[in-house]
Amino acid sequence: MADTPVFNTREEVDFVVIGSGAAGGILAKELSTAGFSTVVLEQGKYRKAAEFTHDEIKNFLNGELLGKGPRESGMTFRADESQEAKAGQRDPAMYARTVGGSSVVFSAHFWRMRPVDFNERSLLGAIEGTNFVDWPIAYDELEPYYSKVEWDMGVSGAPGHSDPPRSRPFPMPPLTINSSGAIMAKGAKALGLHADVQAHAILSQVHNGRAPCTNCGFCSFYGCEIGAKSSSLAAMIPLAEASGHCEIRPESTVFRIVKNAAGRVTEVLYYDKDGNEQGQKARAVVLSANGAESPRLLLDSDNLANSSGYVGRNLMFNSHASVEGVFEHQLNEYKGVQATRVVMDFYDSDPARGFYGGGGIDARGGLFLTPLMYALAASPPAEKNWGAAYKDLIAHSFSRQMGMFVSATSLPMDRNNITLSPNKTDKWGRPSIVVTYKDHPDDIANASFLQGRAQELLDAGGAARTWSTPAGPSDFGVHLLGTCRMGDDPSTSVIDRNHRAHDVPNLFICDGSSLVTSTRGQPTMTIMALAFRAADRIKAAASAGEI
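Quick notes on the rules
Residues numbered from 1 in each chain as written. Predicted model: local features only at pLDDT ≥ 70, side-chain atom pairs only at ≥ 80, totals over all residues. Heavy atoms only, no water. Helix = DSSP H or I, 4+ residues; strand = E, 2+ residues; numbered from the N terminus. Buried < 20%, exposed > 50% of the residue type's maximum accessible area, 1.4 Å probe, protein only. Contact = heavy atoms within 4.5 Å. Patch = residues over 30% accessible without salt bridge, like charges linked within 9 Å, V, L, I, M, F, W, Y side chains within 5 Å. Areas by Shrake-Rupley, 256 points an atom, 1.4 Å probe, with all protein chains shown as cover. Salt bridge = Lys/Arg side-chain N within 4 Å of Asp/Glu carboxyl O. Lys, Arg positive; Asp, Glu negative; His and termini not counted. Charge placed at Lys NZ, Arg CZ, Asp CG, Glu CD. Axes fitted to C-alpha atoms, helices over the stretch in contact; angles between N-to-C directions. Parallel < 35°, antiparallel > 145°, perpendicular 65-115°, else oblique. Left-handed = near helix turned anticlockwise from the far one by under 90°. Nonpolar A, V, L, I, M, F, W, Y, C, P; charged D, E, K, R; others polar. Pairing = 2+ DSSP bridges. Core = buried A, V, L, I, M, F, W, Y, C linked by side-chain atoms within 4.5 Å. Phe/Tyr/Trp six-rings, centres within 6.5 Å; stacked < 30°, edge-to-face > 60°. Lys NZ or Arg CZ within 6 Å of the ring centre and 35° of its normal.

1. Some thoughts on the side chain of T98
Then comes step 1: Residue position: T98 is located in the loop between β3 (76-78) and α4 (115-118).
Then comes step 2: Judged by its relative accessible area of 0%, T98 falls in the buried class.
Then comes step 3: When neighbours within four sequence positions are excluded, T98 is seen to be in contact with S20, E42, G44, K45, R47 and V104.

Have a look at this one:
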C-alpha cells in the first residue's frame, strides 16, 4: 500500500474497481495480474492481519470494522413505503468498511448453489407478488469457477451426501469437528437425516503460503490475525499488489460515477480520507461495492444504468431462525470455527409443505459465544440478565450451550429495495440509504418449518433445555442480494450475463447485487465464483477492444 497514489488521477487507468470485498478483491487481482492498470477505491481503512484483535467492545459493540452504524451512515429502515424510515442502533444493511470488505468479518461458511437454484422458476412456476425468475446462466457454467474459488481462495471441506457435481476435490480436508457438530451428527442419525461436513473458507492446513486456523473462536464479525480466513484481503489483495499493476486506495469514499455525452463512464469521483474531492480517470469501471452500496451509487449518479428501473429493487436478505440448547456436559463451543456440520436434507423446495423455500441447518456455538456478548445476549429471553442467579447461569451454561441455526431462501420483490433518503445524509453529505424490507409470507413459513426441524435435532441430540424466538420479519441483513440483477432482458435486469451494464458499455457490476435468486443462505462463495467468471469475460472483452 502506497502513501501517495501510484497512478496519476488525471490520467486514465484501464480499470477502476469500486470496492475490495468478496468480488472486488478478486476482480482487482484478476485484472491486474493480466497486466491491466487497476485502481481499487475502498471506503474503509487498509488493515493488515496483525492489526485485528479480539476486542469485543471495539469490534462488536462499537462497530470498528462495520462503519460505526447509523451515526455515520445515516441509514434508515422501514418495513414498507407507508412507514417513516427511521434509524436504529445498527445499520439495516450491515457490511464491513475495510480493505477486503465483509469477507474479512464473515463466518466463512461456504455453500455452492445447486443446479436447481438456477432454474427454479421454471420448475415451480410463478409466485404471486414476486419477481421470481430463472438465472440466465446454469450451474454447469459456474461450476469451474466454484472450483477456482476453492483452490485459489482456500476452502476446507468434504462432499456431502447430496452435493452438486464438482470437477475437482476440495484442496484441503475439513476442519476438526466440534462438540455441536458431533451432537448434530447424533441427532441427525436418530432422525434419519444427514449431518454433512460444513465447508469453510478457512484453512485447515498450510495453503498457498498461508497459515492454518488456530481455533481461536473469533470468526464472525472479527478479522483473522493470522490470515487463515480466506478473505480477499488475505488471498487476493497481496497478489494484486505484487503484480505491479494494482493500487489499493483506501479511505476513498466514492460519491459519483461520471458518464459522458456518448454514454460511457469516464471518471470516478470520491472523497479522500481528509474529505477532499478527488477523481480517477478510467477506461472502464467495475462496481463491486455490495448489494446496498452499488445501487446507492448508481442512483446517486443520475440514475446510472437504470433504464429498466431495476436498480435497487429485489433486495434479498436470506431468512433465518435458530434454536438454542444447554447440555448436561461441557461442549466448549467458544473454541474453533463456528459450525462444523450442516443438515441439507431440506434444501429443495417441496410443494407439499404449502410454501416456497428450502435451506440448511448448521450446528454452532452461536453468534454470541464470546465472553462479553454471551453475558449480554445469549441467555433465554425469559431470564433476567442481572443478579447472582444470572451470574450462576452464565458460569454454568457458557461452556454447555450451542444452537441450531437456519439459513434459508428469500424471494425477490419490488417492495424490498434500496433507495436514497430525501432528507438524511451520511457523514460525507451523501444521501443516506433507505432500506425497505418485509419478508414474503413464504420466507417466514419456510424459516419456521426449518426451525421446527432444528428443534427436533437438538432434542434428538440430548439437549437438557432449549428455547427459541419464533421466526419472524427481518429488520436487518448481512447478505445484500439482488439489487442490480443479472438477466438477458434489459427491461427487467441491470446487467447482462457477462456483468456488463445493459445501458453503459464500459461499466461492469459484480457483487451480491448481481444475484437473481437468494441462494439458500450462504451466498459468498457464489459471489466469488461470479467474480472469477466476470473477470474472464472482462479481460477477454478488453483484449479484443470491446470495452
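2. Some words on a positive patch on the surface
Then comes step 1: On the surface, a cluster of positive charge is made up of K45, K58, K68 and R71.
Then comes step 2: Structurally, K58 can be placed in helix α2 (residues 56-61).
Then comes step 3: The exposure class assigned to K58 is partly exposed, which follows from its relative accessible area of 34%.

3. Describing the packing of helix α1 (residues 24-33) against helix α14 (residues 524-543)
Then comes step 1: For the pair α1 and α14, the least separation of the axes is 9 Å and the interaxial angle reads 30°. When the axes of α1 and α14 are compared, the pair comes out roughly parallel. Considering the relative orientation of α1 and α14, their crossing is right-handed. For the pair formed by α1 and α14, the contact residues are I26, L27, E30 and L31 on the first element and M528, A531, F532, A534, A535, D536, I538 and K539 on the second.
Then comes step 2: The residue makeup of the contact of α1 with α14, split by class, is 9 nonpolar, no polar and 3 charged.

4. Observations regarding α1
Then comes step 1: Of all 10 residues that make up α1, 9 are buried, and the element is covered over most of its length.
Then comes step 2: Within α1, burial applies to G24, G25, I26, L27, A28, K29, E30, L31 and S32.
Then comes step 3: Downstream of α1 by one or two residues, G35 has phi in the positive range, about 100°.

5. Looking at the environment of G125
Then comes step 1: Along the chain, G125 turns up in the loop between α5 (120-124) and α6 (139-154).
Then comes step 2: Aside from chain neighbours lying at most four places away, what touches G125 is E120 and F132.

6. What about the sheet that holds strand β13 (residues 417-425)?
Then comes step 1: With mixed pairing, the 3 strands of this open sheet are ordered in space as β3-β14-β13. Bordering the open sheet on either side are β3 and β13, each of which pairs with just one other strand. For this sheet the average axis-to-axis angle between neighbouring strands, irrespective of direction, equals 35°.
Then comes step 2: Where β13 and strand β14 (residues 431-436) come together, 5 bridges link them in antiparallel fashion.

7. Concerning the pairing of strand β1 (residues 13-18)
Then comes step 1: Burial runs high along β1: 6 of the 6 residues are buried.
Then comes step 2: Taken together, the 5 bridges between β1 and strand β8 (residues 277-287) define a ladder with parallel strand orientation. In the sheet register, V13 faces β8, and the bridge partner there is A282.
Then comes step 3: Two strands pair when backbone bridges link them, and β1 and strand β2 (residues 38-41) are joined in this way by 4 bridges, in the parallel orientation. Along β2, the bridge assignment pairs I18 with L41.

8. Let's talk about the nonpolar core
Then comes step 1: With 99 residues, the main nonpolar core has I18, L27, F110, W135, L298 and L507 as its most contacted residues.
Then comes step 2: Top element by residues in this core is α14. It accounts for 11 residues.
Then comes step 3: In this structure, I18 is in contact with L41, V254, I257, V268, V285, V286, L287, S288, A289 and L297, ignoring residues within four places of it in sequence.
Then comes step 4: In this structure, A188, A321, M402 and V406 belong to the second largest nonpolar core, which totals 23 residues.

9. Concerning the packing of aromatic side chains
Both the distance between ring centres and the angle between the ring planes are used here to describe each pair of aromatic rings.
Then comes step 1: Across all of its chains, the model carries 15 aromatic pairs by this definition.
Then comes step 2: An aromatic cluster of at least three residues, connected via ring pairs, comprises F118, W135, Y139 and Y146.
Then comes step 3: Geometry around F170 places R166 over its ring, the cationic atom sitting 4.0 Å from the centre.

10. Quick notes on the sheet that holds strand β15 (residues 465-467)
Then comes step 1: Here we have 6 strands laid out as an open sheet, ordered β4-β10-β11-β12-β9-β15, and antiparallel in their pairing. Edge strands, defined here as strands with exactly one partner in the open sheet, are β4 (195-197) and β15. Strand-to-strand twist across the sheet, computed as the mean angle between neighbouring axes with direction ignored, equals 25°.
Then comes step 2: Two strands pair when backbone bridges link them, and strand β10 (residues 339-343) and strand β11 (residues 359-364) are joined in this way by 4 bridges, in the antiparallel orientation. Residue R341 lies in a different strand from β11, and its bridge partner there is A363.
Then comes step 3: Relative to strand β9 (residues 319-326), helix α13 (residues 441-461) is tilted by about 20°, and along the sheet it contacts β9, β10, β11, β12 (401-408) and β15.

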